[in-house]
Amino acid sequence: MSPHDRAAAACRHSLHALLKLGDQLTDEQWAAPTDCPGWSVGDVYGHVVSLEQWMADGGAAPAAPPQELIDSGVAQWRGAARTAVLDGLRALLPVRERQLTDELRAADAPGWWVWSNATVPFVVQLSGRAFDLWVHEQDVRRAVRRPGNLGSPGAQVARDLIAQSLPRIVAKAAGAPPGSAVRLTTLGELPQDFTVYVDEHGRAAVVPADTHPATAHALLTWEAYALLGTGRTTRDRQQIWITGDAPLAERVLAHLNIAP
């Protein structure tokens, strides 16, 4: 399956999961706070509905700054009854199903990237949408203590997007010197074991774990890695085993978040 088809499948999976989960929530759970500052579970659903409506309408670059698109969508639905918000999502689902299957836009068609307000191939936009939906599904699940889908198609898209950012994170944000090899191992729903190696020119790349001796090695659960990679936790709240150059490993973990 191509990255484009994987992103489309991930969007469909998370949308169905969010609707099914939402139908099981009480009004008290709907009002529960999430890891998104200032957002309740209901606000997360309002955000999802507003952005899915935007995607259904074409997902074009808005005239206002991206944050205004996000904030206005949350404000639009804030205070609405839980059933009304969920009915809004339910009504959008057949449209989005069709757009994500038979009417799926070409991967190289023009798209828009909310994180940098730039024109990108549509596959990039769709991957970002899949990431956002899965991250917010997990926000809801943690808020109402209904864990699940940590290995879903959306989780796999999130894993891949974090991996794409790791060379920059290790070489630039964490300042790993040439010759450094930072090994990351995750255990659980999406196990991984790889190394980010910085060559003599300061260029970093993800390579197999046994390609270079590890300068630093961090071992953690996939959930902890995903929480750090999406800015939903801090290093001090997670149990992580580190060997080798601990300060370097800590700098990488501190800069792991790729969420806007």
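Structure: above.
The structure reproduced in this document is the subject of the present report. (Residues numbered from 1 in each chain as written. Predicted model: local features only at pLDDT ≥ 70, side-chain atom pairs only at ≥ 80, totals over all residues. Heavy atoms only, no water.)

Concerning the packing of aromatic side chains
- Evaluation of the coordinates by the stated rule reveals four aromatic pairs.
- The interplanar angle of 35° and the centroid separation of 6.3 Å between the aromatic rings of Trp-134 and Trp-222 together place this pair among those described as tilted. On the criterion of sequence distance, the pair formed by Trp-134 in helix H6 (residues 122-144) and Trp-222 in helix H8 (residues 222-229) is long-range, its members being 88 residues apart.
- Judged by relative accessible area, which is 2%, Trp-134 ranks as buried.
- Relative accessible area serves as the criterion here: at 0%, Trp-222 is assigned to the buried category.
- Joined through ring pairs, the aromatic side chains of Trp-134, Trp-222 and Tyr-225 make up one cluster.
- Its guanidinium or amino end placed over the ring of Phe-122, Arg-105 lies 4.2 Å from that ring's centre, counting from NZ or CZ. (Phe/Tyr/Trp six-rings, centres within 6.5 Å; stacked < 30°, edge-to-face > 60°. Helix = DSSP H or I, 4+ residues; strand = E, 2+ residues; numbered from the N terminus. Buried < 20%, exposed > 50% of the residue type's maximum accessible area, 1.4 Å probe, protein only. Lys NZ or Arg CZ within 6 Å of the ring centre and 35° of its normal.)

A look at the packing of helix H7 (residues 153-173) against H8
- Look at H7 against H8: their axes get within 11 Å of each other, and the N-to-C directions meet at 65°. Crossing angle aside, the handedness with which H7 passes H8 is left-handed. Side by side, H7 and H8 meet where Ala-155, Arg-159, Ile-162 and Leu-166 of the first sit next to Trp-222, Tyr-225 and Gly-229 of the second.
- Its residues assigned to classes, the contact of H7 with H8 shows five nonpolar, one polar and one charged. (Axes fitted to C-alpha atoms, helices over the stretch in contact; angles between N-to-C directions. Left-handed = near helix turned anticlockwise from the far one by under 90°. Contact = heavy atoms within 4.5 Å. Nonpolar A, V, L, I, M, F, W, Y, C, P; charged D, E, K, R; others polar.)

Description of the state of the cysteines
- Considering all chains together, one arrives at zero disulfides under this definition.
- Looking at the unpaired Cys-11, the closest cysteine sulfur is the one in Cys-36, lying at 17 Å.
- Given a relative accessible area of 0%, Cys-11 falls into the buried group.
- Residue Cys-36 is classed as buried on the basis of its relative accessible area, which comes to 8%. (Disulfide = S-S within 2.5 Å.)

Section: the pairing of strand S6 (residues 216-221)
- Strand direction decides the pairing type here: strand S3 (residues 181-187) and S6, joined by six bridges, are parallel. Paired with Leu-187 across the strands is Thr-221, a residue of S6.
- Judged from the four bridges that link them, S6 and strand S7 (residues 241-244) form a sheet pairing that is antiparallel. Across the sheet, residue Ala-216 finds its bridge partner in S7, namely Gly-244. (Pairing = 2+ DSSP bridges.)

Some words on the pattern of salt bridges
- For the coordinates displayed, the defined rule picks out 17 salt bridges.
- Of the charged contacts, one joins Asp-27 and Arg-82 as a salt bridge, the two residues approaching to 3.0 Å between their closest N and O atoms. Taken together, the positions of Asp-27 in helix H2 (residues 27-30) and Arg-82 in helix H5 (residues 82-99) put the pair 55 residues apart, joining distant regions of the chain.
- By relative accessible area, which is 55% here, Asp-27 ends up exposed.
- Salt-bridge contacts for Arg-142 lead to Asp-139; the nearest nitrogen and oxygen are separated by 2.7 Å. Pair noted here: Arg-142 and Asp-139 are both in helix H6, with a separation of three residues, about one helical turn.
- Salt bridges linked by common partners bring Asp-35, Asp-139, Arg-142 and Arg-232 together as one network. (Salt bridge = Lys/Arg side-chain N within 4 Å of Asp/Glu carboxyl O.)

Considering the packing of helix H3 (residues 41-56) against H5
- Relative to each other, H3 and H5 sit at 35°, their axes nearing to 10 Å. The chirality of how H3 crosses H5 is left-handed. Here Tyr-45, Gly-46, Val-48, Val-49, Glu-52, Gln-53, Met-55 and Ala-56 of H3 lie close against H5, whose contacting residues are Val-85, Leu-86, Gly-88, Leu-89, Leu-92, Val-95, Arg-96 and Gln-99.
- Taken together, the residues that form the contact of H3 with H5 break down as ten nonpolar, four polar and two charged.

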